[in-house]
Amino acid sequence: MAKILLLEPNYIAKYPPLGLMKISYYHKFIRKDEFVFFAKGKIPHDSQYINTCWDKIYITTLFTFEWAETKKTIEYAKQLVGSDCSKIFIGGIAATLMPDEFEKETGIHPITGLLNEHGKAGFNDYGELDDAQIDSLPPDYSILNDIEYKYAYANSYFAYTTRGCGMNCSFCAVRTLEPQYIERVCIRKQIKSIRSNDKVNGKKGELKRDLLLLDNNVLRSSKFKQIVDEIIKLGFGKGATCINQRSGKIVNRHIDFNQGLDANLLTQQKADLLGKLAIKPARIAFDHINDKDKYVTAINRCVNAGIREFSNYILYNAEESTGKGHKYPADTPEDLYNRLRISLDLKEILNSTAGPGERVSIYSFPMRYIPLHHKKRGFVNSPQWNKKYLRAIQVMLTPTRGKGVSGLSFFEAAFGENVEEFMKFLLMPEPILAGRGVLKYSSKDSPEQREKKIRHKASQKAMWDEWERLFRKLDNRQYFSQIIASNEFSIKQYQELPDDDYKKIILHYFSPTQFLTLLSQLKNDEDQRLVLNYCTTEFSNFIQHIANHILINHTSYKLLGGYAKVFKQYGVALLICNWIDTKCTDTKGRNDFFLDNLHKLKLFMGFYYVDIEVLKVLKAYCDLDLLSLEQLEEIKQLILTSNYNALRENLRNEFHSFCDKTNSVINAELCLDILEADKIIGDISGILFG
């Protein structure tokens, strides 16, 4: 019995590997009872099949920018077969787009295109067992039980009702993957076969909830009506339901033309046919601003047909392209904003006259363009786009968690109320851009937690306002945009800036670690004075932000040399005050970390006095929650003025309270025994009165 291993590289994937699932079906049910095992990346080390001698290994590929992970899987497969690489078959999207590159890098020539020709998978039976039929076979869902990885859409029938596209868009892989347009593929037998062969929890024939069709251009088919009729007969007409066999509940079924519907071909007649299906959502691409009128018309036609939920991918960072009989210029950031705005404004217009149950939902998904043959994700279509712009878009989309942009209020808050504000947001420092949201509380928040959130949001707002102030002062914003375009910031770049306004604003783009490194590299006295005056006098929130970072992240004292050199006594005093604000503890359970490093920093600096021993007493008092907030504020003022004599006297006055409190918690929350308590009291007494 032949032993077949199926490998999918260990990249993130929403959909299961359909090609491998069909290959599994071929080996199990066409060639009859051959053993098939599926793994993600590699066979788990604790698997019983780890030492199996495989007769064939099939490796699927997805996007070219997953090259590194894909190559890793191929090298792993080569280890399994030793010198006999003829047992390895590589196929899929990336392999079809870059076959020569795969052969050059791995020594294996991949299978390109679909498995619909004789002998592609190494079988030449030319009869009942011919591998030319693999592409038309149903997928074997049971292989998904071999892995722990969970695909988002595993509870769907995956199928094609057509093949190919025919629009020949230059940015799209379909013209290479499926060059021939096939107007109809019958899916009835496929779905029947899936039900009869699929096993879920040991039960055959479980009804899957949804139908996910991977057609690249179903609307081009002259047999579209027959396709719709077949889908309805399969149980996916409008309002279709099924029983969830696990829960026993009745659930709605949905059909998803996942690769999108071509607005150029969406007539009212075809929209009416779509309206007969349980379609959710209708995906209508809006790849270019030049397609605005066709996109809006397509949405309106679908709404007239009773479709209420829509989704669209909005390609950005795209190069000049051709397709659909047109030539499209490269898109711009302004184009992206306007396409998002068009969808949201259209939704508002449609819903302004909608009756009960007729409201429309439109989700837009900005999708970053990467050329077909790129091995990494970092493509930038300059000069329209740059790394700073692209990173800013990612930050703006973070709150959506992949759910798309659908609300006007969120859109205006995240992307701006107009194009001009959007372009300004693209230039914002990342922390400020990410911190613009509305303050939110949890019902579980304590009063202290709420107060902390309020302070944090106020700090974020102050940083935003300050950046806006500095931005308005710039005399050449185009020059500034060029400075930050690479989204990389260095001491060399800082030193080459033309004047103080640019040097001040660029500080907001450095991460705290980068800023501390910058301080250690500043040799020019004038630059040191500029940073000192700006961070302590002109905008003191900046140094507060850095001090918080140092404390929370346990920054090494060695990195603080520049900090001490520039900010001197005030900078270290501020660190101590922030430490007091946390009640002299740290977030990682190492309560002595700060004092230990402060002691090292004191030795490293050596030019002013810090009473480490008194701070140890202060920490002990805070451990017992002995001091009120008012007392802590008074102590902070004493530290900022380096008045440690007064601080020592202040703590002496609380000594008896400390003794009483310490004795009261023996064998309680601090788990102190009598000897340990006496020792602590003795140590504190020695510091304060010795």
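The structure under discussion appears in the preceding block.
Note that the coordinates shown come from a computational prediction; the quantities given were computed from them, not determined experimentally.

Thresholds, definitions, all that
- Residues numbered from 1 in each chain as written.
- Predicted model: local features only at pLDDT ≥ 70, side-chain atom pairs only at ≥ 80, totals over all residues.
- Heavy atoms only, no water.
- Helix = DSSP H or I, 4+ residues; strand = E, 2+ residues; numbered from the N terminus.
- Buried < 20%, exposed > 50% of the residue type's maximum accessible area, 1.4 Å probe, protein only.
- Contact = heavy atoms within 4.5 Å.
- Areas by Shrake-Rupley, 256 points an atom, 1.4 Å probe, with all protein chains shown as cover.
- Lys, Arg positive; Asp, Glu negative; His and termini not counted.
- Charge placed at Lys NZ, Arg CZ, Asp CG, Glu CD.
- Axes fitted to C-alpha atoms, helices over the stretch in contact; angles between N-to-C directions.
- Parallel < 35°, antiparallel > 145°, perpendicular 65-115°, else oblique.
- Left-handed = near helix turned anticlockwise from the far one by under 90°.
- Nonpolar A, V, L, I, M, F, W, Y, C, P; charged D, E, K, R; others polar.
- Polar contact = N/O pair within 3.5 Å; in protein donor to acceptor, adjacent residues only side chain to side chain.
- Pairing = 2+ DSSP bridges.

Trainee: Would you explain the overall build of the chain in this entry?
Mentor: The number of helices and strands found in the chain is 28 helices and 16 strands. Structurally, the chain occupies a C-alpha span of about 100 × 60 × 55 Å along its principal axes. Within the chain, the proportion of its 690 residues that are buried is 51%. Once local pairs closer than 6 in sequence are excluded, the contacts in the chain between residues at least 24 apart make up 71%. For the chain, the computed accessible surface area is about 33300 Å², with 50% contributed by carbon and sulfur atoms. With 93 positive and 85 negative side-chain charges, the chain shows a spacing of 5 Å between the two charge centroids.

Trainee: Can you help me understand the side chain of Thr64 in this one?
Mentor: By secondary structure assignment, the location of Thr64 is in the loop between strand E3 (56–61) and helix H2 (67–81). Not counting residues up to four positions away in its chain, the partners in contact with Thr64 are Ala94, Leu97, Met98, Pro371, Leu372, His373, His374 and Lys375.

Trainee: Can you help me understand unusual backbone geometry in this one?
Mentor: Trans peptide bonds make up most of the peptide bonds, and negative phi angles are found at most residues other than glycine. The peptide bond linking Lys280 to Pro281 adopts the cis configuration, its omega dihedral lying at -5 degrees. Mapped onto the fold, Pro281 is located in the loop between helix H8 (268–274) and strand E12 (282–283). For the bond from Ser382 to Pro383, the omega torsion is 10 degrees, close enough to zero to count as cis. Its identity is not glycine, yet Asn168 carries a phi of approximately 55 degrees, on the positive side. Structurally, Asn168 can be placed in the loop between strand E5 (156–159) and helix H5 (174–177). In this model, Lys568 sits at a positive phi of 50 degrees, which is unusual for a non-glycine residue. Mapped onto the fold, Lys568 is located in helix H22 (residues 561–581).

Trainee: What should I look at first to understand the environment of Pro383 in this one?
Mentor: Here Pro383 lies in the loop between strand E16 (361–368) and helix H11 (387–397). Taking the relative accessible area as the measure of exposure, Pro383 reaches 75% and is therefore exposed. Pro383 sits 102 residues away from Ala485 along the chain, and the two C-alpha atoms are 9.9 Å apart.

Trainee: Sorry, what's going on with the packing of H22 against helix H24 (residues 612–623) here?
Mentor: Each pair of packed helices gets described by two things: the angle between the helix axes and the distance between those axes. Packing of H22 against H24 leaves a shortest axis separation of 11 Å and a crossing angle of 15 degrees. Considered as vectors, H22 and H24 are oriented roughly parallel to each other. The chirality of how H22 crosses H24 is right-handed. Every residue of H24 that contacts H22 at Ile576, Trp579 and Ile580 is listed here: Leu615, Leu618 and Lys619. For the contact of H22 with H24, a count of residues per class yields five nonpolar, no polar and one charged.

Trainee: What is the right way to read the side chain of Asp210 from this model?
Mentor: In this structure, Asp210 sits in strand E8 (residues 210–213). Only 3.0 Å separates the side chain of Asp210 from the backbone nitrogen of His254, close enough to count as a polar contact. Setting aside anything within four residues of it in sequence, one finds Asp210 in contact with Asn155, Ser156, Tyr157, Phe236, Asn252, Arg253 and His254.

Trainee: In this structure, what is going on with the pairing of strand E13 (residues 309–316)? I would like to understand it.
Mentor: For a regular strand, the rule is simple: side chains alternate between the two faces of the sheet. In terms of burial, E13 is a largely internal element, six of the eight residues being buried. Pairing of E12 with E13, which is carried by two bridges, proceeds in the parallel orientation. By the bridge assignment for E13, Ala282 is matched with Phe310. Examined bridge by bridge, E13 and E16 share eight bridges and lie parallel to one another. Note that in E16 the partner of Tyr316 across the bridge is Arg368.

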